[in-house]
Amino acid sequence: MRALRWHGTHDVRVDQIEDPAIEDPRDAIIKVSATAICGSDLHLYNGLMPGMRAGDVLGHEFMGEVVDTGAAIDNLAVGDRVVVPFTIACGDCFFCNERLYSLCDHSNPKADQAAEAMGHSPSALFGYSHLLGGIAGGQAEYVRVPYADVGPLKVESDYSDEQLLFLSDIYPTGWMAVDDCDMRPGDTVAIWGCGPVSLFAIRSAWMMGAGRVIAIDRIPERLAMAEEKAGAETINFEKEDVYERLQEMTRGRGPDCCIDGVGAEAHGAGDPEAVRRDPDSGEPNHPEAINEMIKSCRKGGRLSLPGVYTSPVDGFALNALMNKSLSVKSGQTHMHAYMPALLNTIEQGLIDPSFIITHRYGLSQAADAYAQFNAKEDGCVKVVMTPD
């Protein structure tokens, strides 16, 4: 089969490799019908994520058709159409029973490496380094899905792949970002970044009853999408001081809820985004977005961090966080807890997730798609790829 593999910083290639096979009775093999590039994939592309190895198959947003199942799989059959969550969970450990699926104790076969870096291991992820399992991802023609009796969401409606694909990651991630803010009806929500996760967070905040949503970015096409397709007020951080503008907009109180939809490699006004830090230099991640969020949030407010961080951050404004009595929730999305309910929002006509797509490619063009997405060329906000 053909699959997109990582060979180093800014070097991804579509290679011919062996088809995946059943390795465990709880496995399934999925023939991919649609896959996407996530903003967090750019951390891999730019060499910022530890634990990558040449030849790793990328991709954690995908869906397709079941073509084979292990002996223990009784909930799926060959021919079923499924959306696969990017987090891999066993379904029966302590954390899965607490519905904290992205903290699964059993799915990461490289748990010792993750524990050495972080104290404990989160769940494995598809296509996201050996620190998080070394599981081959879905930017490929076929994928082996572990714990397939727990993860894949079977879809029996006739909605298109483009309407369903983002249930694999960014729609539930945007929803959980708002859920983690403990948002109350009428709250003002401020979101740093207008990328795909943040756009879904805006739409989710409205569905949960937000009184006001304000989104912050500098890329014109992303700001336009936040306004025109998600209904947010916007701030261009290169043209306005974000803290001062938010205080004006909230009469000096600050937003009730603040969401960091940026994560690693956030940039403040004037920072050249094309100049990425060298991951081997010892230079820390940029804390601009999270520190601006801490400064801007109202006293006693709630912070949510869905943005991916790949290493420690120096200069984190812990003093302000503590003295303002801010609460924080973070984490990879507990996908299995959200996917069925969010499928219902699509089927009820509350949202058509395909609004996010700006570019479409065949899998054979994946290297060009990554380069364009990374450079933010031609208004590229969200890329979908199909095997061709």
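If you're wondering where the values come from, they're calculated on a predicted model, not measured in any experiment. All residue numbers refer to position in the chain's written sequence, counted from 1. Selection of residues for local features in this predicted model requires a pLDDT of at least 70, selection of side-chain atom pairs for listing and counting requires 80 or more, and totals for whole chains, interfaces and linings are taken over all residues. Processing note: side-chain calculations cover all non-hydrogen atoms of the structure and skip hydrogens and water entirely.

J.: How should the side chain of Gln163 be read in this particular structure?
T.: Under the DSSP-based scheme used, a helix requires at least four consecutive residues in state H or I and a strand at least two consecutive residues in state E, with every element numbered from the N terminus. Among the secondary structure elements, Gln163 is positioned in helix α4 (residues 161-164). What makes Gln163 buried here is its relative accessible area of 19%. From its side chain, Gln163 meets the backbone nitrogen of Ser160 in a polar contact 2.9 Å long. Two residues form a contact once any of their heavy atoms are found within 4.5 Å. Here Gln163 is in contact with Ile346, Asp352, Pro353 and Ser354, once residues within four sequence places are set aside. Buried residues are those whose accessible area, probed at 1.4 Å on protein chains only, stays under 20% of the maximum for their type, while exposed residues exceed 50% and partly exposed ones sit between those limits. Identification of polar contacts relies on pairs of N or O atoms within 3.5 Å, with a donor-acceptor requirement for protein atoms, meaning one able to donate a hydrogen and the other able to accept it, and with residues adjacent in sequence counted only if both atoms are side-chain atoms.

J.: Any chance you could explain the environment of Ala337 here in plain terms?
T.: Looking at the secondary structure, you find Ala337 in helix α11 (residues 335-347). For Ala337 and Lys239, which are 98 residues apart along the polypeptide, the C-alpha to C-alpha distance reads 39 Å. Ignoring anything within four residues of it in the chain, the contact list for Ala337 reads Arg99 and Tyr101.

J.: I keep staring at the packing of helix α5 (residues 170-179) against α11 and nothing clicks. Help me out?
T.: When two helices pack together, their arrangement is captured by the angle between the axes and the distance separating the axes. Contact pair α5 / α11: the axes reach a minimum separation of 10 Å and the direction vectors enclose 105°. By the criterion of interaxial angle, the relationship of α5 to α11 is roughly perpendicular. Here α5 contributes Tyr171, Pro172, Trp175, Met176 and Asp179 to the contact with α11, which in turn contributes Met335, Tyr338, Met339, Leu342, Thr345 and Ile346. For helices, the fitted line uses only the C-alpha atoms of the stretch in contact; every axis is such a line through C-alpha atoms, and the angle between N-to-C directions lies from 0 to 180 degrees. Note on angle classes: values under 35 degrees are labelled roughly parallel, values over 145 roughly antiparallel, values of 65 to 115 roughly perpendicular, and the remainder oblique.

J.: What should I look at first to understand the sheet that holds strand β11 (residues 188-192) in this one?
T.: Overall, parallel pairing links the 6 strands, which are arranged β13-β12-β11-β14-β15-β16 in an open sheet. On the outer flanks of this sheet lie β13 (233-236) and β16 (327-330), each paired with one strand and no other. Strand-to-strand, the axes of this sheet are offset by a mean angle of 20°, without reference to chain direction. When DSSP locates at least two bridges between a pair of strands, those strands are taken to pair. Note that β11 and strand β12 (residues 212-217) share 5 bridges and pair parallel. Its bridge partner lying in β12, Ile191 is registered against Ala215. Against the sheet, helix α6 (residues 196-207) engages β11 and β12, with an angle of about 170° to β12.

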